[in-house]
Amino acid sequence: MAAAWRSCSLLALSGRFTVQQKLGRALYQSQWVTSHRNLSTSQIAVEVNESTGVAVMKMKKPPVNSLNLDFLTQFSICMEKLELDRGCRGLVITSAIPKIFSAGLDILEMYGKTDEHYAEFWRAVQEMWLKLYGSNMATIAVINGNSPAGGCLMALSCDYRIMTENPKYSIGLNETLLGIVAPFWFRDTMINSIGNRATELSLQLGLMYSAPEALKIGLVDELVPEDKIYETALNTMSRWLAVPDHARQLSKSIMRKATVDRLLTHRESDVQNFVSFISRESIQKSLGKYMEKLKQRKET
């Protein structure tokens, strides 16, 4: 068996560029000529290409794809359905709303609510991350707009990140600017992508990176013109799907298991820490001031 695998590997290696290019074109072209299964919800459009096994998920929660409890619940349900679908091997996540990938966690879910609500909301945030970061599917984030805070976390949780080549778009974990501290699993996810020092600077200063800056530090893997971004994503997906699923999935699990297990082990204490922190009077005041600023911007 080992000899057979080695032979297959050498054969795949020798022809990988031709195979991947052909598969990439097939993935892109087949989006238009084959049937799709629709798994959409009210806030998330999901279509699975039955020919290629690639699902495209488009967030469609105006105005900025904020991650509230309802959206997070729908997201986790969609992810579970896709994981159970043996014909679905890859997932492309993007936004249906121009200029925004996701604005991150909905502040309204963290302001003026009960402790019970805060706990329910945070468990939903955890579940979103666990479903995405630990997914068996090959996952590609197509970041076609701004992606602060929780939107950045969602992108970081994917295997590969492609961002629109537009210096006006930015991405980063900027929670500290709102007086909020990113939990350990946000931090660990970023460290695993860009390293400890860059993460330390990012989290302490609440840095947002332009698309070129994000590429430079490894926060995203590729910049592409907006009109080519979906074609590029599907071509890129072909590289991931050219690898046998069991080998790719096991390699992913080995790399990510410790990070996932850490949250699973401390999940309830993480919820309690969030509730204790977000319900503080000083934090509620800070969030209230921020929401007032947002209100004033809308009125001007």
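Rules of the game
- Within each chain, residues carry numbers counting from 1 in the order of the written sequence.
- Residue-level local features of this predicted model are given only where pLDDT is at least 70; pairs of side-chain atoms are given and counted only at 80 or more, and the full residue set underlies all totals for whole chains, interfaces and linings.
- Water and hydrogen atoms play no part in the side-chain values, which are based on all heavy atoms of the structure.
- Confidence scores here are pLDDT values: one per residue, from the predictor, ranging 0 to 100.
- Contacts were defined at the residue level, with two residues in contact if any of their heavy atoms lie within 4.5 Å.
- Definition of nonpolar core: a set of buried residues of the types Ala, Val, Leu, Ile, Met, Phe, Trp, Tyr and Cys, connected through side-chain atoms within 4.5 Å.
- For each residue, the accessible area found with a 1.4 Å probe, counting protein chains only, is set against the maximum for its type, and the residue is called buried under 20%, exposed over 50%, and partly exposed in between.
- We count a stretch as a helix when DSSP gives it H or I for four or more residues in a row; a strand needs E for two or more, and each element gets its number in order from the N terminus.
- In what follows, salt bridge is the name for a side-chain nitrogen of Lys or Arg lying within 4 Å of a carboxyl oxygen of Asp or Glu.

Draft legend 1. Structural detail: the confidence of the model for the protein chain. Residues of the protein chain with pLDDT of at least 70 account for 87%, and the chain-wide mean is 89. Taken as a whole, residues 1-23 scores under 50 in pLDDT and shows five contacts with residues more than four places along the chain or in a different chain.

Draft legend 2. The arrangement of the nonpolar core in detail. Met57, Phe75, Ile93 and Met154 are the most contacted members of the largest nonpolar core, which has 69 residues in total. If you tally residues by element for this core, the top one is helix α4 (residues 115-133), at 11 residues. Not counting residues up to four positions away in its chain, the partners in contact with Ile93 are Met57, Met59, Phe75, Phe101, Leu132, Ile140, Ala141, Val142, Met154 and Cys158.

Draft legend 3. Representation of the pattern of salt bridges. A full pass over the atoms with the stated rule returns 11 salt bridges. The closest approach of N and O atoms between Asp159 and Lys252, which form a salt bridge, is 3.1 Å. One end of the pair, Asp159, is in the loop between α5 (150-156) and β10 (160-164); the other, Lys252, is in helix α10 (residues 245-265), with 93 residues separating them in the sequence. The class for Asp159 is buried, based on a relative accessible area of 13%. For Arg197, the salt bridge is made with Glu200, and the minimal N-O distance between the two is 3.2 Å. Here Glu200 and Arg197 lie together in helix α7 (residues 196-205), a separation of three residues that amounts to about one turn. On the basis of relative accessible area, Glu200 is assigned to the partly exposed category, the value being 35%.

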